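Observations on the model geometry
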Amino acid sequence: MVSRCSCLGVQCALLSLLLLTAWEVGSGQLHYSVYEEAKHGSFVGRITQDLGLELAELVPRLFRVASKTHGDLLEVNLQNGILFVNSRIDREELCGRSAECSIHLEVIVDRPLQVFHVDVEVKDINDNPPRFSVTEQKLSIPESRLLDSRFPLEGASDADVGENALLTYELSPNEYFVLDTINKKDKDKFPVLVLRKLLDREENPQLKLLLTATDGGKPEFTASVSLLILVLDANDNAPIFDRPVYEVKMYENQVNQTLVIWLNASDSDEGINKEMMYSFSPLVPPMIRRKFWINERTGEIKVNDAIDFEDSNTYEIHVDVTDKGNPPMVGHCTVLVELLDENDNSPEVIVTSLSLPVKEDAQVGAVIALISVSDHDSGANGQVTCSLTPHVPFKLVSTYKNYYSLVLDSALDRERVSAYELVVTARDGGSPSLWATASLSVEVADVNDNAPAFAQSEYTVFVKENNPPGCHIFTVSARDADAQENALVSYSLVERRVGERALSSYVSVHSESGKVYALQPLDHEELELLQFQVSARDAGVPSLGSNVTLQVFVLDENDNAPALLASPAGSAGGSVSELVLRSVGAGHVVAKVRAVDADSGYNAWLSYELQLAAVGTRIPFRVGLYTGEISTTRTLDEDDLPHQRLLVLVKDHGEPALTATATVLVSLVEGSQAPKASSRASVGVAPEVALVDVNVYLIIAICAVSSLLVLTLLLYTALRCSAEPTESARGQVKPTLMCSSAMGSWPYSQQRRQRVCSGEGPPKTDLMAFSPSLPPCPVVDVDGEDQSIGGDHSRKPRQPNPDWRYSASLRAGMHSSVHLEEAGILRAGPGGPDQQWPTVSSATPEPEAGEVSPPVGAGVNSNSWTFKYGPGNPKQSGPGELPDKFIIPGSPAIISIRQEPTNNQIDKSDFITFGKKEETKKKKKKKKGNKTQEKKEKGNSTTDNSDQ
């Protein structure tokens, strides 16, 4: 029977148990307590307030409560942050007879990821009454039993714990038996009947008693069982064990038939009443009967099934020993088997709440995953330590008991390692220890942190001119170390102006392949170098990019034929008429054919040939191979025709060569016709006087510009001295490219407004000059001071003296690529000798010194010159040769070339330079030179001075 208190009392007790009993924060955790059987909605605690969280951030941060096995018992109201009872909590169902019972909760919030651990202790209430396994217990007691004989009874069990499970027993009043209790190891008691009065079967063959069990809870619960005592007759002595209670300790996982204990009982009777049989008491439950076996004859108890410490660590076995007397008498004992734990359970690893993939720019300390470990063993066997794969940028941080967080320990770089295979190893403290592993693949998400990179910072491309429109000239390629869209590279031009036109009108670049196309035919005469930048950008956010410089050199093709220049003395179209006295001697210059070629290099190097009207025809004229000057080869006589038509073929050195033809009509006249020639010569002097006026204006302009330049330099020097140089002032500058031909002609396109298109930045101080590779030509040894018209030219030619100096305007006749240094040394290409050239000094030109003019085909800005000798000087300079002296038209400067034997020591102070260095030395010669020059101009009416 079960008795209960009134319903009103129970409700009052339950209401009082719903209050929060205690909470504390230890190591960042919360502890609450709640009584079992609390109603739905019962208050447990203000969890958000205790955790320091704001109500407004619960939903955005995905506030949630999780539990491994009891997730629905407790819940949090997101409106007010209160932890409340969500469903019925039965402590006995959760924890059984365990002294401690708690519900572990994991409170997880994101952004950033945080984990809080909450322990809610479930306190016991007295909601379970004591229970007996049977409603009636039967005992057979011989009437011969002596006083104080003890008869154990089956006690009651209470599902509660603590004070609520402490039972007290009460026996109904009678005259034969009193109730005693035996304390068990776990503080429980089981009842024992003690005989206080001898039984008499004849008087009372059976007795009915009532045993009542009462627990210690408030309110109290009781239960009772009926005791039926049968009084037996005969056998006087019952078997007796050595001890009433046997305690055995053994390890779990013993094999079957392992001996647990060997019981020993004795009987004072003799004969058949002395023979005994061992058996399990009817009080032993079936589970124990399955796990253990007892030998009826010997009293051996052996293991019959698997015994596991994790299932149960103690077993209570009640054993009866019965003799064969009539009536049989029974002895009793209790065997307490305590199991010792073995390390037979490997740890378990559980990975939850993965934040994958991880961005490579994640902050150090970011939580990647939550890991929990457990071990069913106890003691040292159940103590688990966690470790992580070494040499990875991650680490494990213990958060609470067997809970860990996998956090980032160092910076990630996807381009170096794109994924990590982590192994979490959990190892217990047993001997030998057991371990378990959990594999975790952490993928690193790409971040656009790498700009596209070109293999080179600059590319040089050579393209022949007159290319077809849209032709492919080059392909740029950039590599981006990132992945996916961050590695998708697109190409584009860095737009700028090329002269008056946009860069995009010349070239284009394919955005995906990086192929560069020429949109129109390129013309070397218009554009020798096209320098531009191509930009490569990825598709990341934000986008990253880099630039590469392309230098496109337009190679010259021989696509321009020589063009004849109009002569002041003749008509346009290549026809020239000249009058020549029959009295002139050999070497007299009759006329000069002028032509120009818009190409450059070999393609613009012109040569002149005289075409004969018929085979075998002898004419007294010849033409300079590179000068175009027509001169007499001998003294004219009466046999020469008075009117001669000369055809001069002008040809370049291109492949194939292009030509032009000039016609020169020469009329031979007698001395009587000299006034006409003189008057005609005087007509030619007028442009010369006008040119002198132009030179005066030119000198004035040059002086003004020079003064402005000097003033600018002084101001710049003052500023530099007063301020420290900056990094930009010390930066490198890019070279400026200049080109020259080999002999006598520079590209006519020098006259065009745009010759070279280069990148931004100040010009480099050194000058690059390119000229065709020609074999070195002999140089005639000429003394500029003593040279006369009839001088001796039989001396052997030799190379220029190494101590010569040069001026920048004397570059004609050089071969191979040269590089002008600041010291004035002209260096040839690989393997070539170093050559030095003379400088120019200020002097009055002498008549016998000859004349200098721009090379055939050169523009106004050309820096190359060809040389023309005065009347009576048959010397013609070949390729690579130098005249003895010459003048610069429009300037009072004269160039003198001097060569000394290599074994002579040359005085550097005698060298001629620009300026006033030789001014004093030349004053005496100035008047004489002026007079001689005037005589020359008046006497030679056939000389063409238009080149000045």
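In case you missed it, the structure is sitting above this.
The structure presented is a predicted model; accordingly, all values stated were derived computationally and were not measured.

**Description of the sheet that holds strand β48 (residues 607-611)**
Strand order across the open sheet formed by four strands is β45-β52-β51-β48, with mixed pairing between neighbours. Either end of the sheet is taken by a strand with one partner, and the two such strands are β45 (575-581) and β48. Across this sheet, the average inter-strand angle for adjacent strands is 30°, counted without regard to direction. Both strand β51 (residues 643-651) and strand β52 (residues 659-669) contribute to a ladder of nine bridges, which runs antiparallel. Bridge pairing in β52 places K651 opposite T659.

**A few points about the nonpolar core**
In terms of nonpolar packing, the biggest core is built from 28 residues, with I473, Y491, V507, L530, F532, V534 and L550 touching the most fellow members. Counting residues in hydrophobic clusters, the runner-up holds 26 residues, among them V260, V319, C333 and V337.

**What to know about the sheet that holds strand β5 (residues 74-77)**
Taken together, the three strands give an open sheet; going across it, the order is β3-β6-β5, and neighbouring strands pair in antiparallel fashion. Bordering the open sheet on either side are β3 (43-46) and β5, each of which pairs with just one other strand. In this sheet, neighbouring strand axes are inclined to one another by 25° on average, regardless of whether the strands run parallel or antiparallel. Bridging between β3 and strand β6 (residues 82-85) involves three bridges; their strand directions are antiparallel. Considered in β6, the bridge of F43 is made with F84.

**Quick word on a nonpolar patch on the surface**
On the surface, a cluster of nonpolar side chains totalling about 340 Å² of accessible area is made up of V696, Y697 and I700. Residue placement: I700 occurs in helix α5 (residues 674-722). The class of I700 is exposed, set by a relative accessible area of 51%.

**With respect to the pairing of strand β31 (residues 419-428)**
Inspection of the sheet shows strand β28 (residues 384-388) paired to β31 by five bridges, in the antiparallel sense. Opposite V384, over in β31, you have D428 as the bridge partner. Examined bridge by bridge, β31 and strand β32 (residues 435-445) share nine bridges and lie antiparallel to one another. Counterpart to V424 in the pairing with β32 is A438. Counted between consecutive antiparallel strands, the loop separating β31 from β32 contains six residues.

**Quick word on the environment of V534**
Structurally, the position occupied by V534 is in strand β42 (residues 529-538). The buried category is assigned to V534, whose relative accessible area is 0%. Distance from V534 to N547, taken between C-alpha atoms, is 5.5 Å for residues 13 residues apart in sequence. Sequence-distant contacts of V534, defined by excluding residues within four places in its chain, comprise F454, V476, Y491, S492, L493, V494, V509, S546, N547, V548 and L550.

**So, the packing of aromatic side chains**
Under the counting rule described, the total for this entry stands at nine aromatic pairs. Centroid distance F151 to F177: 6.3 Å. Interplanar angle 75°. Geometry classified as edge-to-face. With a gap of 26 residues between them, F151 in strand β10 (residues 150-152) and F177 in strand β12 (residues 177-183) connect regions that are remote in the sequence. Comparing F151 with F177 shows no difference in burial state: the two are buried. With 5.2 Å between their ring centres and 50° between their planes, Y459 and F474 make a pair best called tilted. Pair noted here: Y459 is in strand β34 (residues 458-464) and F474 is in strand β35 (residues 471-475), with a separation of 15 residues, a long-range link. Taken together, Y602, W605 and Y626 form an aromatic cluster joined through their ring pairs. Cation over ring: R501 sits above Y506, and NZ or CZ is 4.6 Å from the ring centre.

**Considerations on the pairing of strand β24 (residues 330-340)**
As paired strands, strand β17 (residues 245-251) and β24 are joined by seven bridges and run parallel to one another. Following the sheet pairing, E247 is matched in β24 by L336. Bridging between strand β23 (residues 314-323) and β24 involves nine bridges; their strand directions are antiparallel. Residue H318 lies in a different strand from β24, and its bridge partner there is T334. The antiparallel pairing of β23 with β24 creates a hairpin that spans six residues between the two strands.

How each quantity is defined
- Once a new chain begins, its residue numbering starts again from 1 and follows that chain's sequence as written.
- Totals for whole chains, interfaces and linings use every residue, but because this is a predicted model, local features are given only for residues with pLDDT of at least 70 and side-chain atom pairs only at 80 or more, for both listing and counting.
- The basis for every side-chain value is the complete set of heavy atoms in the structure, and neither hydrogens nor water enter the calculation.
- Two strands make a pair as long as DSSP finds a minimum of two bridges between them.
- In DSSP terms, a helix is any run of H or I states spanning at least four residues, a strand is any run of E spanning at least two, and both are numbered starting from the N terminus.
- For every element, the axis is a line fit to its C-alpha atoms; helices are fit only across the contacting stretch, and the angle between N-to-C directions ranges from 0 to 180 degrees.
- To form a nonpolar core, buried Ala, Val, Leu, Ile, Met, Phe, Trp, Tyr and Cys residues must be joined to one another through side-chain atoms within 4.5 Å.
- Relative accessible area decides the class of each residue, using a 1.4 Å probe on protein chains only: under 20% of the type maximum gives buried, over 50% gives exposed, and in between gives partly exposed.
- Grouping into patches uses exposed residues only, defined as over 30% relative accessible area, and leaves out salt-bridged ones; the cut-off is 9 Å for like charges and 5 Å for nonpolar side chains (Val, Leu, Ile, Met, Phe, Trp, Tyr).
- Residue-level accessible areas treat just the shown protein chains as cover; the underlying method is Shrake-Rupley with a 1.4 Å probe.
- For this document, the term salt bridge refers to a Lys or Arg side-chain nitrogen within 4 Å of an Asp or Glu carboxyl oxygen.
- Throughout, a residue-residue contact means that at least one pair of heavy atoms, one from each residue, lies within 4.5 Å.
- Two rings belonging to Phe, Tyr or Trp (six-membered ring only in the last case) form a pair when the distance between their centres is within 6.5 Å. Interplanar angles under 30 degrees mark stacking, angles over 60 mark edge-to-face geometry, and anything in between is tilted.
- Here, over-ring charges are defined by two tests on the NZ atom of lysine or the CZ atom of arginine: distance to the ring centre within 6 Å, and angle to the ring normal within 35 degrees.

Any functional reading would require information beyond the geometric quantities listed.
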